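Spelled out, the chains give:
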Amino acid sequence: IKACTAALLAFRGDVDGASAALKEARAVAPGSAAPPRATEVALMRASGWIAVASGDFEEAYRRFGAMFLSNADPAHFVISYRAVADLAWAATRCGRTEEVAPLIARIGRQVMVKPPARLRLLQHQATALATAGHRAERHYKLAVFDPAGEQRPLDPARARLHYGEWLRRARRPPEATMFVSAALEGFETLGGQPL
């Protein structure tokens with residue numbers, strides 16, 4: 001629960017509260033016993049979000065990247081895959097898109113056999129972020145327009161932000177404004193201050 005609390009507080013921009021919750025979560029393990037793998041990976045993700053909330057995308061990239069092994073296997077079979085878009089976003093923000101692209105592609109080959117809707121949409125978002133040129137637009141559209149994404153409003157809001165940024169770079173400002181505005185509305189509704 002403390003790992004989830006840390007991630008939620010970071011998402012809301014409360015870096016001090018998130019850091020305190022993360023410290024408490026790490027102290028829960030009795031003695032020298034390591035926490036369960038799921039908890040350990042959830043703590044990695046929470047620490048990545050604390051880095052995002054602090055504006056340190058290099059550290060966020062390192063933290064989210066630790067959720068996957070070098071061969072793209074997940075450190076945890078559920079929690080790691082939920083962070084694939086986080087990883088791609090952090091890589092893009094700190095100038096490591098080319099570095100992360102092969103990893104995102106390998107993760108996609110593992111996930112995209114018969115993924116649940118959320119993982120499919122997160123993978124499209126990650127692929128779009130890690131793809132250069134106009135090939136990215138197809139993945140952005142798949143991440144943004146699939147109605148299955150509306151069950152978890154943070155994911156499509158982030159996809160809209162990333163697509164809007166891409167549209168701005170593609171010199172399509174009216175479309176970009178529409179998507180960035182929709183993303184902002186979603187983030188304000190959810191209390192996602194750092195986003």
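Residues numbered from 1 in each chain as written. Predicted model: local features only at pLDDT ≥ 70, side-chain atom pairs only at ≥ 80, totals over all residues. Heavy atoms only, no water.

A closer look at the nonpolar core
Trp49, Phe64, Met67, Leu87, Val100, Ile104 and Ile107 are the most contacted members of the largest nonpolar core, which totals 61 residues. With nine residues, the top contributor of residues to this core is helix 3 (residues 37-53). In this structure, Phe64 is in contact with Arg45, Gly48, Trp49, Val52, Asp86, Leu87 and Ala90, ignoring residues within four places of it in sequence. (Core = buried A, V, L, I, M, F, W, Y, C linked by side-chain atoms within 4.5 Å. Buried < 20%, exposed > 50% of the residue type's maximum accessible area, 1.4 Å probe, protein only. Helix = DSSP H or I, 4+ residues; strand = E, 2+ residues; numbered from the N terminus. Contact = heavy atoms within 4.5 Å.)

What to know about the layout of surface pockets
Considered as a void within the structure, the largest pocket measures approximately 890 Å³ in volume. Lining the largest pocket we find 31 residues, and of these Ala3, Cys4, Ala7, Leu8 and Arg45 sit closest to its centre. Contributions of two or more residues to the lining of the largest pocket are made by helix 1 (2-11), helix 2 (15-27), helix 3, helix 5 (79-82) and helix 10 (154-169). When residues in the lining of the largest pocket are grouped by element, the largest group, eight residues, is from helix 3. When its residues are assigned to classes, the lining of the largest pocket shows 20 nonpolar, one polar and 10 charged. Taken as a whole, the second largest pocket holds about 230 Å³ of empty space. (1 Å grid on protein atoms, 1.4 Å probe; cavity = no way out; pocket = protein on both sides within 12 Å on 5 of 7 lines; lining within 4 Å. Points joined across faces, edges and corners; volume = space filled by probe spheres on them. Nonpolar A, V, L, I, M, F, W, Y, C, P; charged D, E, K, R; others polar.)

What about helix 10?
The terminal C-alpha atoms of helix 10, which comprises 16 residues, lie 23 Å apart, in line with the 22 Å expected from a rise of 1.5 Å per residue. Taking burial as the measure, the 16 residues of helix 10 include 13 buried ones, the bulk of the element. Directly beyond the C-terminal end of helix 10, a positive phi value near 60° is found at Arg171. (Expected span 1.5 Å × (residues − 1).)

A look at helix 9 (residues 135-145)
The complete set of buried residues in helix 9 reads Ala136, Glu137, His139, Tyr140, Ala143 and Val144. For helix 9, the angular spread of buried residues about the axis comes to 165°, placing them on one side. Within helix 9, the exposed residues directed more than 90 degrees away from the buried face are Arg135 and Arg138. Against the buried residues of helix 9 lie helix 8 (117-130), helix 10 and helix 11 (173-190). (Arc of directions from axis to C-beta.)

A short note on the packing of aromatic side chains
Here the structure, examined in full by the defined rule, presents nine aromatic pairs. On the numbers, 6.2 Å between centres and 80° between planes, the contact of Phe11 with Trp49 is edge-to-face. Of this pair, Phe11 sits in helix 1 while Trp49 sits in helix 3, and the two are 38 residues apart along the sequence. Judged on exposure class, the residue Phe11 and its partner Trp49 are both buried. Aromatic pair Tyr163 and Trp166: ring centres 6.2 Å apart, planes at 25°, arrangement stacked. Taken as a pair, Tyr163 and Trp166 lie in helix 10 at a separation of three residues, close to a single helical turn. Residue Trp166 is classed as buried on the basis of its relative accessible area of 9%. The structure contains a cluster of three or more aromatic residues connected by ring pairs, namely Tyr140, Phe145, Tyr163, Trp166 and Phe179. Seen from the ring of Phe57, Arg93 lies directly overhead, with NZ or CZ sitting 5.8 Å from the centre. (Phe/Tyr/Trp six-rings, centres within 6.5 Å; stacked < 30°, edge-to-face > 60°. Lys NZ or Arg CZ within 6 Å of the ring centre and 35° of its normal.)

Geometry only, nothing functional implied.
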